[in-house]
Amino acid sequence: MASFFIVNLLLNVLVSVFVVSSAKTCSNSTFSLNRVFSSCTDLPYLGAHLHWNYIPSLRKVAIAYRARQISTGWIAWAINPTGTGMVGSQALVAFRNANGSMTVYPTSITSYNPSMLPGELSFQVSNISAEYKHNEMTIYAIVGPLENETIVNHVWQAGNSVSSNIPLIHSTSSSHLQSTGIIDFQKA
């Protein structure tokens, strides 16, 4: 009986080590079109990563936000220029269409039941695109000029379904509700 317990314990330890060592981190990510990002962070929730290049002379940041997602779901990354959390954030949303192409656009989150329709943001966004590969969605964009230096409140999110080209409400599990933070684009 003791030998069974030891073998079982060793097997569980080996599986745990394998899972942790094979987990994808932002530092080993590659991107299409030979895009390269000098900085990245593994976000603590939703299997997401944020990659960026800060351009000081323009006060702009080129970002790649990547998260694991099913093909029928959606992802979003946002800056909240007026506070913390979801309401008030200025988001970039992406989802996969039935034909396999990606849709990506900006939208303002003005309430806990936002329209999720395309709209204008309070800051400029250019070169916006998205892709879906290997069960991950990635949003690319250039954001700025940034008004409040390089430190911003940001929010990231994911939902499991889209209807009539509109992302539907995301889960309210703790990992979804805690997907906020502060990031300094000048720190590598």
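If you look the protein chain up in an unreviewed UniProt entry, it shows as Cytochrome and DOMON domain-containing protein from Sesamum alatum. Regarding the protein chain, the UniProt comment filed under Subcellular location (unreviewed entry) reads as follows: "Membrane".

1. Focus on the packing of aromatic side chains
Under the definition given, this model contains 4 aromatic pairs. Considering the side-chain rings of tryptophan 52 and phenylalanine 185, the 5.6 Å spacing of their centres and the 75 degrees angle between planes classify their relative orientation as edge-to-face. Taken together, the positions of tryptophan 52 in strand S2 (residues 48–55) and phenylalanine 185 in the segment after strand S12 (180–184) put the pair 133 residues apart, joining distant regions of the chain. Using a relative accessible area of 3% as the deciding quantity, one classes tryptophan 52 as buried. Ring plane angle 80 degrees and centroid distance 6.2 Å describe the contact between phenylalanine 95 and tyrosine 105, whose orientation is recorded as edge-to-face. Here the residue phenylalanine 95 occupies a position in strand S5 (residues 90–96), and tyrosine 105 occupies one in strand S6 (residues 102–108), the gap between them amounting to 10 residues.

2. Notes on the nonpolar core
One finds Leu50, Ile63, Tyr65, Trp77, Val143 and Phe185 to be the most contacted residues of the largest nonpolar core, which totals 28 residues. Going through the elements one at a time, S2, strand S3 (60–68), strand S4 (74–80), S5, S6, strand S8 (136–143) and strand S9 (151–159) are the ones with two or more residues in this core. One finds Ala76, Phe95, Tyr105 and Ile109 within the second-largest nonpolar core, a separate group that totals 10 residues.

3. Description of the pattern of salt bridges
Close approach of charged atoms allows side chains of opposite charge to pair. Inspection of every chain in the model, using the stated rule, returns 2 salt bridges. Residue arginine 66 pairs with glutamate 131 through a salt bridge whose shortest N-O separation is 3.9 Å. Separated by 65 residues along the polypeptide, arginine 66 in strand S3 and glutamate 131 in strand S7 (residues 125–133) bring together distant segments of the chain. Look at arginine 66 and you get buried, because its relative accessible area is 5%.

4. Quick look at the pairing of S7
Across 7 bridges, the pairing between S7 and S8 is antiparallel. Paired with alanine 130 across the bridge in S8 is isoleucine 139. Counting the residues between successive antiparallel strands, the hairpin from S7 to S8 contains 2 residues, one of them, histidine 134, with a positive phi of roughly 55 degrees.

5. Concerning the pairing of S2
Of all 8 residues that make up S2, 6 are buried, and the element is covered over most of its length. Hairpin connection, strand S1 (residues 39–42) to S2: the antiparallel pair is bridged by 5 residues, and leucine 46 has positive phi, about 70 degrees. As paired elements, S2 and S3 share 8 bridges and run antiparallel to each other. Bridge assignment links asparagine 53 to a residue of S3, and that residue is alanine 62. Connecting S2 to the antiparallel partner S3 that follows it, the hairpin turn spans 4 residues, and arginine 59 within it adopts a positive phi of roughly 55 degrees.

What counts, and where the lines are drawn
Residues numbered from 1 in each chain as written. Predicted model: local features only at pLDDT ≥ 70, side-chain atom pairs only at ≥ 80, totals over all residues. Heavy atoms only, no water. UniProt positions renumbered as here; feature names shortened; annotations may be inferred. Phe/Tyr/Trp six-rings, centres within 6.5 Å; stacked < 30°, edge-to-face > 60°. Helix = DSSP H or I, 4+ residues; strand = E, 2+ residues; numbered from the N terminus. Buried < 20%, exposed > 50% of the residue type's maximum accessible area, 1.4 Å probe, protein only. Core = buried A, V, L, I, M, F, W, Y, C linked by side-chain atoms within 4.5 Å. Salt bridge = Lys/Arg side-chain N within 4 Å of Asp/Glu carboxyl O. Pairing = 2+ DSSP bridges.

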